Amino acid sequence: SPAEDQDQDQSVRSATRKLDLTEQYAAHSGPITSMMICNLPCRLQQQQLIEAINALGFDKTFDFLYVPLSGRSSGSKANLGYGFINFTSPERAADFMKAFSG
């Protein structure tokens, strides 16, 4: 029935909110090669970010960069203010973190 489906949907959403991934992954001790880049200017395009990262000496040190765009139909290509990057080695990831934090 529709009422049972709604109750089940609420139960699933409630369980999802209570999941604490921080606690689950806080004890991670392996090498870190992926990270999130925060506070990107919304008009910054992915290619501009690649050029900025490369200009700081990180050319050919990462194999993945994703900057999600807003899904608005206004035609603008604004990003959502964050992105994800993966480096080919933990050392280069640590160097990147030092260069961009602060």
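Above this text you will find the structure in question.
The written sequence of each chain sets the order in which its residues are numbered from 1. Two thresholds apply to this predicted model, a pLDDT of at least 70 for residue-level local features and 80 or more for giving and counting side-chain atom pairs, whereas whole-chain, interface and lining totals are computed over all residues. Just so you know, side-chain values use all the structure's heavy atoms and leave hydrogens and water out.

A. A look at the sheet that holds strand S3 (residues 82–87). Spatial ordering of the open sheet is given by S1-S3-S2, a layout of three strands whose pairing is antiparallel. The two strands at the open ends of the sheet, each matched to only one other strand, are strand S1 (34–38) and strand S2 (62–66). Taking each pair of neighbouring strands and ignoring which way they run, the sheet shows an average axis angle of 20°. Sheet topology note: the S1/S3 ladder contains five bridges and is antiparallel. Its bridge partner lying in S3, Ser 34 is registered against Asn 86. Whether two residues are in contact is decided by their heavy atoms, any of which lying within 4.5 Å being enough. Only the stretch in contact is used when fitting a helix axis, every axis being a line fitted to C-alpha atoms; angles between N-to-C directions are given from 0 to 180 degrees. We count a stretch as a helix when DSSP gives it H or I for four or more residues in a row; a strand needs E for two or more, and each element gets its number in order from the N terminus. Strand contacts of helix H3 (residues 46–58): S1, S2 and S3, with the helix running at about 145° to S2, the strand carrying the most contacts. Here a strand pair is declared whenever DSSP counts at least two bridges between the two strands.

B. Structural context of the nonpolar core. Residues Leu 65, Ile 85 and Phe 96 are the most contacted members of the largest nonpolar core, which totals 14 residues. When contributions to this core are tallied by element, the ones reaching two or more residues are S1, H3, S2, S3 and helix H4 (90–100). When residues of this core are assigned to their parent elements, the largest contribution, four residues, is made by H3. Excluding residues within four positions of it along the chain, Ile 85 makes contact with Thr 33, Ser 34, Met 35, Ile 37, Ile 53, Phe 62, Phe 64, Leu 65 and Phe 96. For the purposes of this section, nonpolar cores are sets of buried Ala, Val, Leu, Ile, Met, Phe, Trp, Tyr and Cys residues that join through side-chain atoms within 4.5 Å. A 1.4 Å probe rolled over the protein chains alone gives each residue an accessible area, and that area as a share of the maximum for its type sets the label: buried under 20%, exposed over 50%, partly exposed in between.

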